[in-house]
Amino acid sequence: MDALSPAIGLKLQLPALNSRRAPALFNQFVTFPRRGSSSVLKSGRVHAQTRNSEIDFSDPDWKSKFQKDFERRFYIPHLTDVFDDVVAIPSTFCLKSRVTPVNEDFAGGYPSDEKWHGYINNNDRVLLKVINYSSPTSAGAECIDPDCTWVEQWVHRAGPREKIYFKPETVNAAIVTCGGLCPGLNDVIRQLSGCCITVPSLGRNTYIPLFILAKKIVITLEIYGVKRIVGIPFGYRGFSEEIAGMPLSRKVVQNIHLSGGSLLGVSRGGPSVIEIVDSMEKRGINMLFVLGGNGTHAGANAIHNECRKRHMKVAVVGVPKTIDNDILHMDKTFGFDTAVEESQRAINSAYIEAHSAYRGIGIVKLMGRSSGYIAMQASLASGQIDICLIPEVPFRLHGPHGVLSHLEYLLEKKGSAVVCVAEGAGQNFLQKTNATDASGNIVLGDIGVHIQQETKKYFKEIGNPADVKYIDPTYMIRACRANASDGILCTVLGQNAVHGAFAGYSGITVGICHTHYVYLPIPAVISYPKVVDPNSRMWHRCLTSTGQPDFI
């Protein structure tokens, strides 16, 4: 453990600014603060991580004050916060007995012989943290205070409510898929649809479940009784006047989940927030479902705030889409499981190439700008990785304790080796540029190619041959169909996004927290990217699997 301490110390000071995905067009509206973690260090070990240095722990009432502050920060905005005259009506969502199709002027709820007990009470809560750490020295301990005092932190349970705040016949909904592709996007669109205007847009690499997600949105909206659905192609750019909309219905989205990619297309960049909201007003959009990562959610939050500023009765709901799995407070985001599964093909190919060659070395680069979750989980799943390199853990290539020295050791002991590296790892070895992509992300150097070149050079210089093969499966991984696990996640996320909008919530996102589905305020999940904790049990499990030493 002691060998990992330097890496942990560095990790706690990593700023989110260099790796954020906030689209450039939203930079003027949203700022991403540095990760506010501090640590109590003794003998080179991390004993506690607190994000609450402003709390006076000598105050006997600090726990109650912390809980009140937590409730304030995790309060989910509601239409009634702005509109005093908004009226709740009985929900048109009921699986006990329902009429199909729904009468256009029917807003009294579906008739049923008995009351349906499938609704979520507004006071239902889910614990955000479930482990009561008895000591700050426990692996992965996240503590509020240096003594690791247990404080309950509750968030809102997701699901259908008995009362809704939109009449289905008046709803014009929009689905926005942003950024890169992700497995499952179509699945979510399918679940959301029923009365929706879809707008693909800014986000990050995950096409895999886009079809599934979109499909689920469409279907759930239709169950509520929504009829008007339009898809606006290519993200936030779709709000531009020159881009025509795409009508959506259950018939249109019925089989889109069988393909990868996004029915609506995706893009980065687009018009300003003011222009987007102007377009929403002109189109009459009053429900906006935004599918994307941290940057996309920052945009959704800006749109939500602008709508409130204009006193528009609009529900803006986010759905976390990123294969990097770097959104705070969520077990996982859709597309991640599929990305890890698809990575196995590349890793297995690298293993076969390395194992079959004389002194063979296979190098695989996987996605992960600021978070190494894909590389870590893929390495753990394969059991074939000898070295896993992620952005959160600094390493050396050269020197007696470097990666190249360990590769030499592996070739002598077992005759071959396989390396898995996340794209954001080891950027300190590469020439930095000020170039950014359309979403405002810093363009990274290719660490995979660099390690390949340095490995060849190293073994040539020491006079020992090595057959080095490099595999970069990046875009193959994100453009495939969602697997069963992501398919289920997309379905439930899409359904709950619609439930949240009809319940009158706005400026929220839906996610899975300790296997339960919850609503979270968007600002709470975009303050900084979620990263791998080098002192976590999962990273320790990965190190146990690879058997790699500390490369510092």
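Model, not experiment: these values are computed from the prediction.

Basis of the calculations
Residue positions within a chain follow its written sequence, with the count starting from 1. Totals for whole chains, interfaces and linings use every residue, but because this is a predicted model, local features are given only for residues with pLDDT of at least 70 and side-chain atom pairs only at 80 or more, for both listing and counting. Each side-chain value is worked out from all heavy atoms of the structure, with water and hydrogens disregarded. What pLDDT conveys is the predictor's confidence in a given residue, as a value from 0 to 100. We call two residues contacting when some pair of their heavy atoms lies within 4.5 Å. Here, nonpolar core means buried Ala, Val, Leu, Ile, Met, Phe, Trp, Tyr and Cys residues that are tied together by side-chain atoms lying within 4.5 Å of each other. Burial classes follow relative accessibility: with a 1.4 Å probe on protein chains only, a residue under 20% of its type's maximum area counts as buried, one over 50% as exposed, and anything between as partly exposed. Runs of E in the DSSP output that reach at least two residues are strands. Runs of H or I that reach at least four are helices, and both are numbered from the N terminus. One bridge is not enough; two strands pair if DSSP finds at least two bridges between them. Throughout, an axis means a line fitted to C-alpha atoms (over the contacting stretch in the case of helices), and angles, computed between N-to-C directions, take values from 0 to 180 degrees. Here roughly perpendicular refers to angles of 65 to 115 degrees, roughly parallel to angles under 35, roughly antiparallel to angles over 145, and oblique to all remaining angles. Crossing handedness is read from the near helix: turned anticlockwise from the far helix by less than a right angle, it gives a left-handed crossing, and turned clockwise, a right-handed one. By the convention adopted, Pro, Cys, Tyr, Trp, Phe, Met, Ile, Leu, Val and Ala count as nonpolar, Lys, Arg, Asp and Glu as charged, and the other residues, Gly among them, as polar. Salt bridges are counted wherever a side-chain nitrogen of Lys or Arg sits within 4 Å of a carboxyl oxygen of Asp or Glu. In this analysis, the expected span of each helix is defined as 1.5 Å times one less than the number of residues it contains.

What's the story with the confidence of the model for the protein chain in this structure? I'm lost.
Residues shown with low pLDDT carry predicted positions that ought not to be read at fine detail. Averaged over all residues, the pLDDT of the protein chain is 81; the fraction at 70 or higher stands at 76%. A low-confidence stretch, residues 1–50 (pLDDT under 50), is modelled with 123 contacts involving residues beyond four sequence positions or located in other chains. The low-confidence segment residues 257–262 (pLDDT under 50) makes 31 contacts with residues lying over four places distant or belonging to another chain.

Sorry if this is basic, but what is going on with the nonpolar core here?
Looking at soluble globular proteins, one finds that nonpolar side chains tend to be buried together. Leu221, Met287, Phe289, Val319, Leu493 and Phe502 are the most contacted members of the largest nonpolar core, which totals 47 residues. At the level of elements, β7 (173–177), α4 (216–224), β12 (287–292), β13 (315–320), α13 (484–502), β18 (508–513) and β19 (516–521) are the ones that each hand at least two residues to this core. Counting 35 residues, the second-largest nonpolar core is a separate cluster that includes Val290, Val518, Leu520 and Ile522.

Where do I start with the sheet that holds strand β5 (residues 154–157) in this structure?
Sheet strands pair via backbone hydrogen bonds, and the direction of the pair is either parallel or antiparallel. Within the open sheet, the seven strands sit side by side as β4-β5-β19-β18-β13-β12-β7. Their pairing is mixed. On the outer flanks of this sheet lie β4 (125–127) and β7, each paired with one strand and no other. Neighbour-to-neighbour, the strand axes of the sheet open up by a mean angle of 35°, direction not taken into account. Sheet contacts for α13: β12, β13, β18 and β19; angle to β19, the most-contacted strand, approximately 50°.

Any chance you could explain the pairing of β19 here in plain terms?
Remark: a regular strand shows side chains that alternate across the two faces of the sheet. Of all six residues in β19, five are buried, a share of seventy percent or more. When β5 meets β19, the two strands line up antiparallel, connected through two bridges. The partner of Arg157 across the bridge, within β19, is Val518. In this structure, β18 lies alongside β19, joined through six bridges in antiparallel fashion. Paired with Ile512 across the bridge in β19 is Tyr517. Here β18 hands over to β19 after two residues, with His514 in that stretch at a positive phi of 55°.

Explain the side chain of Thr509 here, please?
Tracing the backbone shows Thr509 in strand β18. Residue classification places Thr509 among the buried residues on the basis of a relative accessible area of 0%.

Help me understand the packing of α4 against α13, please; the structure alone is not making it clear to me.
Packed helix pairs are specified by the crossing angle of their axes together with the interaxial distance, meaning the distance between the axes. For the pair α4 and α13, the least separation of the axes is 8 Å and the interaxial angle reads 40°. The angle between α4 and α13 falls in the class oblique. Our pair here, α4 against α13, has a crossing hand that is right-handed. Taken together, the residues of α13 that come into contact with α4 (itself represented by Lys216, Ile217, Thr220, Leu221 and Tyr224) are Cys490, Thr491, Gly494, Gln495, Val498, His499 and Phe502.

What is the right way to read the packing of helix α9 (residues 373–382) against helix α15 (residues 537–546) from this model?
Remark: α9 packs on α15, axes separated minimally by 9 Å, with the N-to-C direction vectors making an angle of 45°. One finds that α9 runs oblique with respect to α15. Here α9 runs over α15; the crossing is left-handed. Of α15, the residues touching α9 (which contributes Met376, Gln377, Ser379 and Leu380) are Met538, Trp539, Arg541, Cys542 and Ser545. The class makeup of the residues in the contact of α9 with α15 is five nonpolar, three polar and one charged.

Whenever I open this one, the sheet that holds strand β17 (residues 467–471) confuses me. Can you help?
Taken together, the four strands give an open sheet; going across it, the order is β15-β16-β14-β17, and neighbouring strands pair in parallel fashion. With one partner strand each, in any of the chains shown, β15 (387–389) and β17 form the two edges of the open sheet. Across the sheet, the axes of successive neighbouring strands diverge by a mean angle of 15°, strand direction being ignored. Here β15 runs beside strand β16 (residues 416–422); their pairing, made up of three bridges, is parallel. Bridge pairing in β16 links Ile387 to Val419. Its contacts with the sheet place helix α8 (residues 336–356) against β14 (360–366), β16 and β17, and it is angled at close to 165° to β14. On top of the sheet, α9 reaches β14, β15 and β16; it is set at about 165° to β15, its chief contact.

What should I look at first to understand the pattern of salt bridges in this one?
Side chains carrying opposite charge are able to pair once their charged atoms draw close together. Taken as a whole and judged by the stated rule, the model has 16 salt bridges. We note a salt bridge from Asp81 to Arg308, for which the minimum N-O separation is 3.5 Å. Here the residue Asp81 occupies a position in the loop between α2 (62–73) and β3 (89–90), and Arg308 occupies one in helix α7 (residues 294–309), the gap between them amounting to 227 residues. Notably, a salt bridge pairs Lys129 with Glu142, separated by 3.7 Å at the nearest N-O pair. On the criterion of sequence distance, the pair formed by Lys129 in the loop between β4 and β5 and Glu142 in the loop between β4 and β5 is long-range, its members being 13 residues apart.

Help me understand α8, please; the structure alone is not making it clear to me.
For the α-helix, the turn length of 3.6 residues means that residues three or four positions removed from each other point alike. For α8, built from 21 residues, the straight-helix expectation of 30 Å at 1.5 Å per residue is met to within 8% by its first-to-last C-alpha distance of 30 Å. Of the surrounding elements, those touching the buried residues of α8 are β14, α9, β16, β17, α12 (474–478) and α13.

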